[in-house]
Every structure is written in structure tokens, then in C-alpha cells.
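Summary of the model geometry
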Amino acid sequence: MQRDERIQQNLRLVHACAHRFEGRGVEYDDLYSAGCVGLIKAADKFDEALGYRFSTYAVPVILGEIRQLFRSGGSVKVSRSMQELSMRAKKLCDDYRREHDGEMKISELAEKLQVDVCKAAQALNASRAVLSLSADDRDQDEGTRVCDIPVPSHEEALTERLSLKQALSALDDSERSLIQLRYFSHKTQQETAERLGATQVQISRREKKILLKMRAMLAG
């Protein structure tokens with residue numbers, strides 16, 4: 001699969017990740033823009049030889065960029081090149097609206113700007129243009145519009161599972177066994193200690209260290 005195709009097919013994943021952070025003091029457009037940055041980074045660095053699905057790899061990267069947004073004060077830093085692209089995008093959308101009495105599809109905008117769909121979305125968000133880009137059913141095959149894409153509730157749950165799966169895969173076998181016994185098999189610390197040939201105190205200490213390690217990974 002080509003890079004741009006992978007980006008376009010996973011825009012819903014960005015929406016699903018961004019929805020998790022709504023209502024925390026940062027505008028949704030900024031959340032989505034940060035998520036797009038993460039999606040682009042994931043697409044650039046993804047290596048199929050690693051054996052992961054792209055979505056498994058991309059979710060922590062997307063979430064990491066969104067969390068970085070909060071750490072940096074809640075605003076996306078817009079580069080000069082993005083500002084220029086944003087101005088071009090706004091002009092194209094304004095011209096199209098006047099000529100056609102409607103809104104341009106994000107795929108059409110990307111083609112005119114000669115950028116990928118996610119970067120075109122970033123350009124629109126940076127311009128703060130209030131555009132209604134929801135797709136008509138008859139236009140589904142012609143490209144996805146950037147705003148108001150419906151995100152089923154199960155997709156938000158999926159981002160949680162994918163993030164957790166990624167964090168678990170980064171643990172060594174003994175760490176993963178402890179977490180699986182404690183949080184998936186619901187064993188007590190004493191039962192876990194007996195299964196792993198350790199004391200309850202040792203399990204308690206190891207569990208705290210592993211949870212801190214996982215929280216750090218999930219925090220991006």
C-alpha cells in the first residue's frame with residue numbers, strides 16, 4: 001500500500017483518537033491537526049517487516065502527538081510553509097464555493113494543492129475556515145470529506161485496545177506474564193507470586209515498576 005493511500009484510509013483513526021480528548025480545553029481542530037501530524041509520522045516510519053498492522057503502530061504515535069499538544073500549551077505551532085499552504089487552501093475553497101455554491105471535497109483540495117489528504121486537512125484547520133465538508137452518500141467513492149466524519153463508538157474503544165496491545169508487546173516475557181495474571185486473569189498478588197515462583201512483596205514491587213513503564217509508553 002502506498003504512503004498517501006495508507007494516510008487517507010486511516011483518517012478515521014485520527015478522529016477516533018482526537019475524540020478521546022474532547023472537552024479538555026483544546027479545540028477539536030487542534031486535536032485533529034496534531035493527530036494528522038502523528039499519522040503522517042507513522043506512515044513515514046512504518047516498516048511492514050516488523051509484522052505489526054499499521055493501525056497498531058500508528059495509534060500510539062497519533063496519541064503521542066495529541067498529548068504533546070497539551071504539554072506544549074494546547075496550540076499547534078504552524079510553520080511558515082503550512083501558513084502559506086493554508087492561505088492557498090482557503091483561497092481555493094472560497095473560489096470553489098463562489099463558483100459551485102458548494103464545498104470542495106478534501107480529496108479534490110489535496111489534488112489541487114499537490115499534497116496528501118492529511119496535509120490538506122491540516123491546512124484547512126490552520127486557516128480556521130469554517131467549512132462544511134460532510135460527504136453525500138453518492139459521493140462516497142469520490143473521496144472523503146474532512147469534517148463531520150461519523151466515528152462509531154467501537155472505534156474509540158479500538159484505540160484503547162490498540163494502545164494497550166502496543167504497550168504490552170514492548171514488555172519482556174516475565175513482565176507480560178505478571179500483567180496478564182494480575183489484570184486479565186484477575187489473580188491476587190499472592191496467587192500471582194505462587195504462579196511465578198516469587199514472594200508477594202516481590203510481585204507488588206515489580207507490578208508497580210511495570211505499570212509506571214506502561215504509563216510512560218502510553219503517555220507517548
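Predicted model only: the values in this text are computed from it and were never measured.

**Notes on helix α6 (residues 106-113)**
It helps to recall that an α-helix has 3.6 residues per turn; residues three or four apart then point in one direction. Turning to α6, its buried residues are Ile-106, Ser-107, Leu-109, Ala-110 and Leu-113. Buried residues in α6, looked at end-on, bunch into an arc of 160°, giving them a common side. Pointing more than 90 degrees away from the buried face of α6 are the exposed residues Glu-111 and Lys-112. Two residues or fewer past α6, Gln-114 is found with a positive phi of approximately 60°.

**Some thoughts on the packing of helix α2 (residues 11-19) against helix α4 (residues 54-71)**
Packed helices, taken two at a time, are described by the angle between their axes plus the distance between the axes. Where α2 contacts α4, the two axes come as close as 10 Å, and the packing angle between them is 45°. Taken together, α2 and α4 sit at an angle that is classed as oblique. Where α2 crosses over α4, the handedness of that crossing is right-handed. Contacts between α2 and α4 involve Leu-13, Val-14, Cys-17 and Ala-18 on the former and, on the latter, Ser-55, Ala-58, Val-59, Ile-62, Leu-63 and Ile-66.

**Considerations on a nonpolar patch on the surface**
A contiguous nonpolar patch, built from Leu-164, Tyr-183 and Phe-184 and spanning about 270 Å² of accessible area, is present on the exposed surface. Residue placement: Leu-164 occurs in helix α8 (residues 153-169). Accessibility expressed as a relative area gives 32% for Leu-164, which makes it partly exposed.

**As for the pattern of salt bridges**
Counted by the stated rule, this structure contains 8 salt bridges. Across the pair Arg-97 and Asp-94 runs a salt bridge, and its minimum N-O distance is 2.9 Å. Within this pair, Arg-97 and its partner Asp-94 are both found in helix α5 (residues 80-100), separated by 3 residues, close to a single helical turn. Taking the shortest distance from any N to any O, the salt bridge between Asp-173 and Arg-176 comes out at 3.1 Å. One end of the pair is Asp-173 and the other is Arg-176, both in helix α9 (residues 173-184) and 3 residues apart, which spans about a single turn. A single network of salt bridges, built from pairs that share partners, joins Lys-90, Asp-94 and Arg-97.

**Side note on the packing of aromatic side chains**
Ring pairs (aromatic) are described by centroid distance and by the angle formed between their planes. Counted under the stated rule, the structure contains 3 aromatic pairs. Measuring from centroid to centroid gives 5.8 Å for Phe-21 and Phe-70, while their planes differ by 35°, and the two rings are tilted. Of this pair, Phe-21 sits in the loop between α2 and α3 (28-45) while Phe-70 sits in helix α4, placing them 49 residues apart in sequence. When its relative accessible area of 28% is taken as the criterion, Phe-70 is described as partly exposed.

**Side note on the nonpolar core**
Judged by nonpolar contacts, the single largest core of 39 residues is most densely connected at Leu-39, Ile-62, Ile-66 and Leu-109. Of all elements in the fold, only α2, α3, α4, α5, α6 and α7 (117-127) reach the threshold of two or more residues within this core. Ala-167, Leu-168, Ala-193 and Ile-210 belong to the second-largest nonpolar core, a separate cluster that totals 9 residues.

**A word on the confidence of the model for the protein**
As a note on interpretation, predicted positions should not be read in detail where pLDDT is low. Across the protein, the average pLDDT comes to 75, with 75% of residues at 70 or higher. Ranking the elements of the protein by mean pLDDT puts α8 last with 63 and helix α10 (residues 189-196) first with 92. Counted against residues more than four places away or in other chains, residues 128-155, with its pLDDT under 50, gives 49 contacts.

**Looking at the environment of Asn-10**
Following the sequence through the fold, Asn-10 ends up in the loop between α1 (3-9) and α2. Remark: the alpha-carbon pair of Asn-10 and Ser-55, spanning 45 residues in sequence, is separated by 7.7 Å. Beyond its immediate sequence surroundings of up to four residues, Asn-10 is in contact with Leu-39 and Phe-54. Of note is the side chain of Asn-10, whose polar atom sits 2.7 Å from the backbone oxygen of Arg-6.

**Some thoughts on the packing of α5 against α6**
Running from N to C, α5 and α6 cross one another at 125°; their axes reach a closest spacing of 11 Å. Our classification of the angle between α5 and α6 gives oblique. Considering the relative orientation of α5 and α6, their crossing is right-handed. Packed against α5, whose contacting residues are Leu-85, Arg-88, Ala-89, Leu-92, Cys-93 and Tyr-96, the element α6 presents Glu-108, Leu-109, Lys-112 and Leu-113 at the interface. Grouping the amino acids of the contact of α5 with α6 by side-chain chemistry returns 7 nonpolar, no polar and 3 charged.

What counts and how
- Residues numbered from 1 in each chain as written.
- Predicted model: local features only at pLDDT ≥ 70, side-chain atom pairs only at ≥ 80, totals over all residues.
- Heavy atoms only, no water.
- Buried < 20%, exposed > 50% of the residue type's maximum accessible area, 1.4 Å probe, protein only.
- Helix = DSSP H or I, 4+ residues; strand = E, 2+ residues; numbered from the N terminus.
- Arc of directions from axis to C-beta.
- Axes fitted to C-alpha atoms, helices over the stretch in contact; angles between N-to-C directions.
- Parallel < 35°, antiparallel > 145°, perpendicular 65-115°, else oblique.
- Left-handed = near helix turned anticlockwise from the far one by under 90°.
- Contact = heavy atoms within 4.5 Å.
- Patch = residues over 30% accessible without salt bridge, like charges linked within 9 Å, V, L, I, M, F, W, Y side chains within 5 Å.
- Areas by Shrake-Rupley, 256 points an atom, 1.4 Å probe, with all protein chains shown as cover.
- Salt bridge = Lys/Arg side-chain N within 4 Å of Asp/Glu carboxyl O.
- Phe/Tyr/Trp six-rings, centres within 6.5 Å; stacked < 30°, edge-to-face > 60°.
- Core = buried A, V, L, I, M, F, W, Y, C linked by side-chain atoms within 4.5 Å.
- pLDDT = per-residue confidence, 0-100.
- Polar contact = N/O pair within 3.5 Å; in protein donor to acceptor, adjacent residues only side chain to side chain.
- Nonpolar A, V, L, I, M, F, W, Y, C, P; charged D, E, K, R; others polar.

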